[in-house]
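One letter stands for each residue in the lines below.
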Protein chains: 2
Amino acid sequence: MAKFVYTFGAGAAEGAAGMKALLGGKGAGLGEMSRLGLPVPPGFTITTEVCRYHYEHERSYPASLEVEVAAALAHMATLSGGKFGDENNPLLVSVRSGARVSMPGMMDTVLNLGMNDAIAATLSKSTDPRFAYDSYRRFVQMYGDVVLGLKPQTKDEHDPFEVILDRKKSERGAANDNELSAEDLRALAFEFKAEIENRLGVSFPDDPHEQLWGAIRAVFGSWENPRANTYRKMYNIPSEWGTAVTVQAMVFGNLGEDCATGVAFTRDPSTGERRFFGEYMRNAQGEDVVAGIRTPQPVSSSAASAGNSLQETMPKAYGELVELYQKLERHFRDMQDIEFTIQKGKLWMLQTRTGKRTAKAMVRIGVEMVAEGLITVDEAVLRMEPSKLDELLHPTLDPNAAKQVVAIGLPASPGAAVGKVVFHADDAEERAQKGERVVLVRVETSPEDIHGMTAAQGILTARGGMTSHAAVVARGMGKCCVAGCAALNVDYARRQFSINRDGREIIVKQGDVISLDGAKGEVILGAVPMTAPTLDSEYGTLMKWVDAARRLRVRTNADTPIDAVTARNFGAEGIGLCRTEHMFFAEDKILAVREMILAKDERERRRALEKILPMQRADFVGIFSAMQGLPVTIRLLDPPLHEFLPSEAGPMQEVARALGTTVEVVRARTQALHEANPMLGHRGCRLGITYPEIYETQVRAIVEAACEVKRSGKEVLPEIMIPLVGHERELTRLRALVEATARRVLEAQKLSINFTVGTMIELPRACLIADRLAESADFFSFGTNDLTQTTLGVSRDDASSFLSEYVRLGIYPVDPFVAIDREGLGQLIAMAVERGRSKKPDLKIGICGEHGGEPSSVEFCHQTGLDYVSCSPFRVPIARLAAAQAALRLK
Amino acid sequence: MAKFVYTFGAGAAEGAAGMKALLGGKGAGLGEMSRLGLPVPPGFTITTEVCRYHYEHERSYPASLEVEVAAALAHMATLSGGKFGDENNPLLVSVRSGARVSMPGMMDTVLNLGMNDAIAATLSKSTDPRFAYDSYRRFVQMYGDVVLGLKPQTKDEHDPFEVILDRKKSERGAANDNELSAEDLRALAFEFKAEIENRLGVSFPDDPHEQLWGAIRAVFGSWENPRANTYRKMYNIPSEWGTAVTVQAMVFGNLGEDCATGVAFTRDPSTGERRFFGEYMRNAQGEDVVAGIRTPQPVSSSAASAGNSLQETMPKAYGELVELYQKLERHFRDMQDIEFTIQKGKLWMLQTRTGKRTAKAMVRIGVEMVAEGLITVDEAVLRMEPSKLDELLHPTLDPNAAKQVVAIGLPASPGAAVGKVVFHADDAEERAQKGERVVLVRVETSPEDIHGMTAAQGILTARGGMTSHAAVVARGMGKCCVAGCAALNVDYARRQFSINRDGREIIVKQGDVISLDGAKGEVILGAVPMTAPTLDSEYGTLMKWVDAARRLRVRTNADTPIDAVTARNFGAEGIGLCRTEHMFFAEDKILAVREMILAKDERERRRALEKILPMQRADFVGIFSAMQGLPVTIRLLDPPLHEFLPSEAGPMQEVARALGTTVEVVRARTQALHEANPMLGHRGCRLGITYPEIYETQVRAIVEAACEVKRSGKEVLPEIMIPLVGHERELTRLRALVEATARRVLEAQKLSINFTVGTMIELPRACLIADRLAESADFFSFGTNDLTQTTLGVSRDDASSFLSEYVRLGIYPVDPFVAIDREGLGQLIAMAVERGRSKKPDLKIGICGEHGGEPSSVEFCHQTGLDYVSCSPFRVPIARLAAAQAALRLK
């Protein structure tokens, strides 16, 4: 038979730290502390399985639950001395939610539960009348609100309890609650109960057991309240997880000046410094600290504490606390976030959990714990959260600042941005030139927006995925971008966007300030303070360990010399993907490119290509120079040609003029290039097959540039990559073209250059015939973006209309454009690796899709035996760390 | 060492019938006849390998060729008595091309080769002066044209030889060539040679060996002449095949009245009747028969032959011929097409090959040869050409009529059409109502053209593949369609199309008559006579054998009761694909469908769905009734919703009115549904996941219709199919929805219906996880159109821009949308079958893509262990035959 209730207290527990899924974070932590012998008020946890049962069985409970709860209450009585519901020797309890991950403030809590008139009277005698009746009226108020549901029905209505409280205060001429007498508070409790009966037609339950079951039902019920649902949706928490309910004996930090409550970290969560760091409040309950009624004082003494620290005011309790925190840190071998209460001088521990920390603290704590001998180097490396490294490389939003998150999009490019909203690239540029900071908001971006993206602090789009134009370009620039934020309704005409949030419409107009968190995908109203990036010596130490541990090489996707240098500084060991077409969008090149595309025959096309040749050569000279001594993989032209074409009148005229023809002809040719599904259209090597002169020109530019750089004394290692190959005959044909062209250049230049020719693997068919492809390829590079699109049949540009719903419903656990779909795509990749190597055991294999910088995908690449991953420059350190973790996990 | 020359003659040969690839059809046939002891003028064949060598080695020859040719000439001398180049005892030869497949008239031929002044004089004495000098001047003319290249340089220029000949005739006052004397002809030969020297600056070669090598070079050269290139491109003949060159002793049918030449078939190639059928001409050369100078006479006597038949005029030779043709038919066990010449009463065989025949003749000959004991039933079935059955089911163009093919598109839907060109659906309808026959010509068709397609005799499109809208709809209608004819430049504004052909622009205006051959994809200027379809008793006999031989079931793709009945009559054993959305385009439904799509929320959508429900139910009642007792697979809604939306103002207003909103709102919602790659977008089961109410309504309509039909006493076997599944959770979720909905209907109707739920397999990911899918699927149906698109990464709508080039270059040997790409796609299908059956051994598996009616794809389906194929109604007999052939081949 299943067990639904787990007890803890007095140095023992049925639960433990490893049982978070079953007991929630709170229940598991309390169990573990009890086992360690720490002073924990006794209690019990009802499991998350009961929550699932509750929802699947029309809000009923498993048959055995009632007996288990009764037994657990009896156990609490034994441990605490008090007895729940006993009028003479009462025990009050708290009833709290606790999910697998923290969902702060989203679910319900009831405190001081187990009181009625008689018990309040008993408490009044045994403790203090004011305390007893204040607790009583607070309990009635909280229970009336949370369990019975007496709360304002409209926005304009006042809280019914606050109305009565205010009336009482004005009757007594009291400014604050604490000016009310015990009798006033007692009267308030009665008035609250009467109000409940009047307004709801139910009487307040006097039976503590009835109270308890009401509170349990309310906590389980709050798992599906709209607030919690919205939160889960935003943070992708499955609703199946459910919440646990922890019932625990109350301890009071508000029974006098020998009482206190507080929270503390075993190390500084912001800097990682090894010092006990926390805050407390005397004569207060935990809720008071959270509510910010008074300013809390520091736990440890310092020059600034002015005698108010816990260390100074309650040295004995402080001493115990220090002993306990050290014990906890040694036990968990990690920095802890603890909650405690001191009741009449006696210290109680209420919570412990691994403390959240900044990236800086994460690195410093890990490195210092190795120095302290607390953990090994491998453990330190494994404990790092790779994606958090972003914080060290980009400016970030101050984690301690308050912020109003109004929408969550895809975390498309890390970093943070604060600025005034603009909707057009020209506006962005204009305002930026005046010194304003702007955030460019678009439905989606196109190459024509580049100047605006350059000018903006950050980019926010309503459509498009992790590999949309906005995302790719922003990552290249190392600039913050939140993409595919479907909640945004962008209205260009009115220059505003709106968000419908819980039925309320939030409108943001041009010029309004917003903040973006590119690492979390958060869109925030107003300006949030920012923190600048720093790389300290601990980071250097960590990355040395990382590089020693990993087997996978890490390259970068870079299209410009600047990106290449950035990536090299971040530790990139080569370029895994240099997209020749991104260069084409540059202002000085696009006209010639358009001439090339709109040429009516090969002769016109060759004429335009002659103009492009020296420009491409110059680009490659820059990149080869920046990456000297490291390999550079250059992909020949890939996107459908119409992507380069102008849609507006001005540029169209310009092209018409250059081609010596009319705008009508240009428009007609543009339309002729239109495709129903450009992703599956005339692109990639299909361009090279049908217009060989294009690839020929690109290869000429590459090899001529390589010669030039080699002459200047630098080592060049070009790798020429053919995109979108699906049939081995495409590869053999184009390889012959590449080799013949290169031979001609090298003969003319009287030089020799070692170059290789390989192919991208981005079609399912390519995976299936990888053995045949391997015969003509020096290397494979998985283009996992396109391979995901074709294998799953999902267009990344259109996926926003259903993919977020798919993730929400748990059909795909993670967006497959973010992390490699191992179950499906993974099979094809593994097959291609195995088949490719069956023909050519030393075949070099890498990945250059956007997955290359995503930790779980990097792990997959390691497992599958790839040689390298390639990612955008700012993700290089993340990929290095993820590669090291993968190697260590599989050691 | 390779052998390049194969001799034949006098009852022996080095070549044989099986060596067509090496010796060409002509060389192989002559070799086989020689071996059989038939009277064949001796000669030799230079292989196709020499042709390839020639092109790959700058027009040179293998070193040993000259010696081999000299030896072969010596061998000819031994056999024939005459000696090539011997002035006293000369031997004349023909030099002819001969490829693996016949390319009639595309390449060059030189006759009477081996003459000079001295040899002509010798011949003049040994035969007849007029014959000798006529042969001489013909040889000089032919050699001068074909080998030396003296021909008109512009269209306006006259043929230089004809100019001289005309001058000679007018000098002599002769009306015809045969009024010229031997001396005149001799003089002409000299004048021709002088003209060649004058115009080309080269002297005519008098050395017969030089002549021979010149002719060999010219024949090889003609393999790449523009005419041959165009022809190969049109008929997909690889240029690598090359041509062979056959050099053979001349025999003369024009040496007097005891001479003749003719062609004959061993059975009637048009009806298949068993009778010797052919034509001959007395005192003539083969070329004269082809040129149609005189009317030929029948070979066999009949009432109509009036004493002129060969049987009557040369009974001895005729008797020999009959003996030989019977020997040939018995030897080859098939109907033969033979060429013969009678020189001075002696019969010579010049060619034999399997005779081309109509579909009707194919079936009759096969069935009768079984009755005659010449071949077995299995051989008869295997010998049928499945795709030719189309001729029996559709009207066809008269194969004997002359026709000017101006362009070739994809043979998208078989049959033939003759009519006036129109460019708009409305025009088609209007003219058809007036009783005119029209052919609708469009860049591509859309659902808004349906009424025009219905009204037209046939459809011709410039874009789109075998599975484009035009192709699919036309096949459903059993109407002729040529699709994706890229050579067409359609100009709607001028209501005309143009074709650029060999530098010449052909313009076809509205109202001009064209003919289409849907089985060959030919576009023909003017009206070609048509033949009506017939199904005779031999067809019935054949199809009985076919059905007994096959294992694969054959179903049909049908969306309407009419299609279902047609298919059932053609032998369909169920519906494999009923597309619910094709019904949506019907005029009476489209408005409600548009309301449903443009609904702003679920409530509005449900309101529109309520209108659709009874209409869908009525559709299904019709189909279930038509297919009673047979399974009907219904696919739930699949295409992206915007496909149904109006693009024009009128329909937009209508929708706006129905929804009680403005055209602007409708336009905005339409734009919001736009997708970059709709093929990979929000469609298929993704619609069912995000808008469950749509699938719910469709399932209700299906099950309610099934109940209604069952109540009327008919057996219904519905199979509900979920499209575009990529993840097992999509299937489990939607299967639950289908089952819950069906249960509700059946409970309300108090009936039970046996229905199954399965999935289409049309994404690579679905193949990879087929084992997981099988757990929730009663059947799989491969949607090979979409599976081809995703696996190969090719959009069928956009493929025309490069796929025809790919096929031309031999990258893909066949358009993968026509025949299943076994090498790539085939692996995925086989994997899915194996994985699916590993979990569910009795899983029913079929295919419902357009490949289901294509013979080589049917063979693949048989090999892979599928249970059935499903194809458009008119392809059902073809699929049955192909399935039988596959079973027999693998027996």
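Numbers given to residues run from 1 along each chain, matching the order in which its sequence is written. Ligands are numbered from 1 and chains lettered from A, in the order in which they are written. Per-residue local features of the predicted model are confined to residues with pLDDT of at least 70, and side-chain atom pairs are confined, for both listing and counting, to 80 or more; whole-chain, interface and lining totals are unaffected and use all residues. Each side-chain value is worked out from all heavy atoms of the structure, with water and hydrogens disregarded.

Turning our eyes to something else, we now look at the overall build of chain A. Each helix and strand counted, chain A has 35 helices and 32 strands in total. The C-alpha atoms of chain A give 32 Å as radius of gyration, which agrees with the globular expectation for 891 residues (29 Å, within 12%). Taken over the C-alpha atoms alone, chain A extends approximately 105 × 60 × 60 Å along its principal axes. Remark: exposure states derive from per-residue accessible area (1.4 Å probe, protein chains only) relative to the maximum for the residue type, with buried under 20%, exposed over 50%, and partly exposed in between. Sorting the 891 residues of chain A into buried and exposed places 57% on the buried side. The contact definition used throughout considers only heavy atoms, calling two residues in contact when any of these lie within 4.5 Å. Relative to all contacts within chain A whose residues are 6 or more apart in sequence, the contacts with residues 24 or more apart total 68%. Charge convention: Lys and Arg are scored as positive, Asp and Glu as negative, and His as well as the terminal groups of each chain are ignored. Where a charge sits is defined by one atom per residue type, namely NZ (Lys), CZ (Arg), CG (Asp) or CD (Glu). Positive and negative charge centroids in chain A, built from 105 and 116 side chains respectively, lie 4 Å apart. Per the convention used, a helix needs a DSSP run of H or I reaching at least four residues, while a strand needs a run of E reaching at least two, with both numbered from the N terminus. As defined in this context, the radius of gyration uses C-alpha atoms, and a globule is described by 2.2 Å times the residue total to the power 0.38.

Okay, the sheet that holds strand E6 (residues 243–249) of chain A next. Residue and element names in this part refer to chain A. The pairing criterion is simple: DSSP has to find at least two bridges between the two strands. Across the sheet, six strands lie side by side as E2-E1-E3-E6-E4-E5; this open sheet has antiparallel pairing. Because the sheet does not close on itself, it has two edges, and the strands there are strand E2 (12–13) and strand E5 (109–113). Here the axes come from fitting lines to C-alpha atoms, over the contacting stretch only for helices, and the angles between their N-to-C directions go from 0 to 180 degrees. Where helix H3 (residues 65–80) meets the sheet, it contacts strand E1 (5–9), strand E3 (43–46), strand E4 (93–99) and E6, and its direction lies at approximately 5° from that of E1.

Turning our attention to the relation of the copies chain A and chain B. Each of the two copies of the chain can be brought onto the other by a rotation about an axis and a shift along it. The fit set for superposing copies consists of C-alpha atoms from residues with pLDDT of at least 70 in both; the fit itself is least squares. The two copies are related by a screw motion: chain A maps onto chain B through a turn of 180° and a shift of 0.0 Å along the axis, at an RMSD of 0.1 Å. Taken together, the rotation and translation relating the two chain copies correspond to the operation of a two-fold axis.

So, about the interface of chain A and chain B. With 51 residues of chain A in contact, the opposing surface of chain B contributes 51 residues. Summed over both partners, the accessible area (1.4 Å probe) lost when two parts come together is defined as the buried area. Where chain A abuts chain B, roughly 4400 Å² becomes buried across the two surfaces, and 53% of that area is made up of carbon and sulfur atoms. Criterion for a salt bridge: a side-chain nitrogen of Lys or Arg within 4 Å of a carboxyl oxygen of Asp or Glu. Taken together, chain A and chain B are joined by six salt bridges. In this structure, B:Arg765 engages A:Asp821 in a salt bridge whose closest nitrogen and oxygen atoms are separated by 2.7 Å. Broken down by secondary-structure element, the contributors of at least two residues to the side of chain A that touches chain B are helix H26 (685–690), helix H28 (728–749), helix H29 (764–768), helix H31 (784–792), helix H32 (803–808) and helix H33 (825–839) of chain A. Asp, Glu, Lys and Arg are counted as charged, while Ala, Val, Leu, Ile, Met, Phe, Trp, Tyr, Cys and Pro are counted as nonpolar; the rest, among them Gly, fall into the polar class. Residues belonging to the side of chain A that touches chain B are distributed by class as follows: 21 nonpolar, 15 polar and 15 charged.

Attention now goes to the packing of helix H27 (residues 692–711) of chain A against H28(A). Two measures define how a pair of helices packs: the angle their axes make with one another and the distance between the axes. All names here are of chain A. Contact geometry of H27 with H28 gives a least axis separation of 9 Å together with a crossing angle of 40°. Classified by the angle their axes make, H27 and H28 are oblique. Considering only the axes of H27 and H28, their crossing is right-handed. Where H27 abuts H28, its residues Pro692, Tyr695, Glu696, Val699, Arg700, Val703, Glu704, Cys707 and Arg711 lie against Leu734, Leu737, Val738, Thr741, Ala742, Arg744, Val745, Leu746 and Gln749. Of the residues that constitute the contact of H27 with H28, the class distribution is 11 nonpolar, two polar and five charged. Put simply, angles under 35 degrees are roughly parallel, angles over 145 are roughly antiparallel, angles from 65 to 115 are roughly perpendicular, and the rest are oblique. With the far helix as reference, a near helix turned anticlockwise by less than a right angle produces a left-handed crossing, and one turned clockwise produces a right-handed crossing.

A few words on the nonpolar core. Take the buried Ala, Val, Leu, Ile, Met, Phe, Trp, Tyr and Cys residues and link them wherever side-chain atoms come within 4.5 Å; each set so joined is a nonpolar core. Core analysis: the biggest nonpolar cluster contains 276 residues, and A:Phe624, A:Ile722, A:Phe782, B:Phe624, B:Ile722 and B:Phe782 have the highest contact counts within it. Among residues more than four places away in sequence, those in contact with A:Ile722 are A:Leu636, A:Cys685, A:Tyr695, A:Leu731, A:Leu734, A:Val738, A:Val757, A:Gly758, A:Thr759 and A:Met760.

Residue count minus one, scaled by 1.5 Å, sets the expected span of a helix. Over its 20 residues, helix H27 (residues 692–711) of chain B runs 29 Å from end to end, which matches the ideal 28 Å to within 8%, given 1.5 Å per residue. In terms of burial, H27(B) is a largely internal element, 14 of the 20 residues being buried.

With the rule as written, the count across this model stands at 134 salt bridges over all chains. For A:Lys151, the salt bridge identified is with A:Asp145, shortest N-O distance 3.1 Å. By relative accessible area, which is 36% here, A:Lys151 ends up partly exposed. Note that B:Asp536 is salt-bridged to B:Lys360, the shortest N-O span being 3.1 Å. Remark: B:Lys360 occurs in helix H13 (residues 359–371) and B:Asp536 occurs in the loop between strand E24 (530–531) and helix H19 (537–549); sequence separation between them is 176 residues. Each of A:Arg167, A:Lys168, A:Glu171, A:Arg172, A:Asp184 and A:Glu191 takes part in salt bridges that share partners, so that together they form one network.

Turning our eyes to something else, we now look at the packing of aromatic side chains. How two aromatic rings sit relative to each other is set out by the distance from centre to centre and by the angle between their planes. Pairs were defined over the aromatic rings of Phe, Tyr and Trp, the Trp ring being its six-membered one, requiring ring centres within 6.5 Å. Orientation was assigned from the angle between planes: stacked under 30 degrees, edge-to-face over 60, tilted for the rest. Counting across every chain of the model gives 30 aromatic pairs over all chains. Measuring from ring centre to ring centre gives 6.3 Å for A:Phe276 and A:Tyr318, while their planes differ by 55°; the resulting arrangement is tilted. Of this pair, A:Phe276 sits in the loop between strand E7 (260–265) and strand E8 (277–282) while A:Tyr318 is found in helix H12 (residues 315–332), placing the two residues 42 residues apart along the sequence. The exposure classification of A:Phe276 matches that of A:Tyr318, with both residues buried. Taking the centre distance of 5.7 Å and the plane angle of 55° together, the rings of B:Tyr61 and B:Trp213 count as tilted. Of the two residues, B:Tyr61 sits in the loop between helix H2 (48–56) and helix H3 (65–80) while B:Trp213 sits in helix H8 (residues 208–222), which places them 152 residues apart along the sequence. A relative accessible area of 22% means that B:Trp213 is categorised as partly exposed. Whether a charge lies above a ring is judged from NZ of Lys or CZ of Arg, which has to be within 6 Å of the ring centre and within 35 degrees of the ring normal. The ring of A:Trp241 is capped by A:Arg100, whose NZ or CZ atom sits 4.0 Å from the centre of that ring. The lysine or arginine in question, B:Arg555, covers the ring of B:Tyr868, its NZ or CZ lying 4.1 Å from the ring centre.

Take the environment of B:Gly713 next. Residue and element names in this part refer to chain B. Within the secondary structure, glycine 713 is located in the loop between H27 and strand E28 (717–722). The exposure class of glycine 713 is exposed, given its relative accessible area of 62%. Between the C-alpha atoms of glycine 713 and serine 625, which are 88 residues apart in sequence, the distance is 9.9 Å.

A few words now on the side chain of A:Asn112. Considering the arrangement of structural elements, one finds A:Asn112 in strand E5. The residues contacting A:Asn112, other than those within four sequence positions of it, are A:Leu92, A:Val93, A:Ser135, A:Arg138, A:Phe139, A:Met250, A:Phe252 and A:Gln285.

A separate point is the pairing of strand E18 (residues 480–483) of chain A. Residues and elements named next belong to chain A. Alternating positions in E18 separate into two faces, Cys480 and Val482 on one and Cys481 and Ala483 on the other, with burial throughout. Across three bridges, the pairing between strand E14 (residues 410–413) and E18 is antiparallel. For serine 413, the partnering residue across the bridge sits in E18 and is cysteine 481. Note that strand E17 (residues 458–461) and E18 share three bridges and pair parallel. If you follow leucine 460 over to E18, its bridge partner there is valine 482.

What follows concerns the sheet that holds strand E20 (residues 496–501) of chain A. Residues and elements named next belong to chain A. Across the sheet, which stays open at both edges, the three strands sit in the order E19-E20-E21 with antiparallel pairing between neighbours. The open sheet has two edge strands with one neighbour each: strand E19 (488–491) and strand E21 (504–509). Each strand axis lies, on average, 25° off the axis of its neighbour in the sheet, ignoring direction. Bridge analysis of E20 against E21 gives six bridges, and the strand direction is antiparallel. Looking at the pairing, glutamine 496 lines up with lysine 509 of E21.

Most of the time, phi is negative for any residue but glycine, and the peptide bond is trans. Residue and element names in this part refer to chain A. Residues other than glycine seldom take positive phi values, yet alanine 10 does so here, at roughly 55°. Residue position: alanine 10 is located in the loop between E1 and E2. The exposed category is assigned to alanine 10, whose relative accessible area is 58%. Despite not being glycine, lysine 344 shows a phi value in the positive range, around 50°. Note on placement: lysine 344 falls in the loop between strand E10 (336–343) and strand E11 (346–354).

So, about the environment of B:Leu717. Residues and elements named next belong to chain B. Note on placement: leucine 717 falls in strand E28. Leucine 717 sits in the partly exposed class, given a relative accessible area of 27%. Spatially, the C-alpha atoms of leucine 717 and alanine 706 are 8.2 Å apart, while their sequence positions differ by 11 residues. When neighbours within four sequence positions are excluded, leucine 717 is seen to be in contact with Gly629, Leu630, Pro631, Val632 and Asn754.

The predicted coordinates ought not to be read in detail in places where the model reports low pLDDT. pLDDT expresses how confident the predictor is about each individual residue, on a scale running from 0 to 100. Per-residue confidence for chain A gives a mean pLDDT of 91, with 98% of residues at or over 70. Taken together, the chains of this predicted complex give a pTM of 0.81 and an interface ipTM of 0.81.

All names here are of chain B. The element strand E7 (residues 260–265) is extensively covered by neighbouring structure, given that five of its six residues are classed as buried. Both E7 and strand E8 (residues 277–282) contribute to a ladder of six bridges, which runs antiparallel. When the bridges of E8 are listed, phenylalanine 265 appears paired with phenylalanine 277. With six bridges joining them, E7 and strand E10 (residues 336–343) adopt antiparallel strand pairing. Within E10, the position partnered with phenylalanine 265 by the bridge is aspartate 337.

On to the state of the cysteines, then. Throughout, a disulfide means two cysteine sulfur atoms within 2.5 Å of one another. Taken as a whole and assessed by the stated rule, the structure comprises zero disulfides over all chains. The thiol of A:Cys481 is unpaired, and the distance to the nearest cysteine sulfur, on A:Cys480, comes to 7.0 Å.

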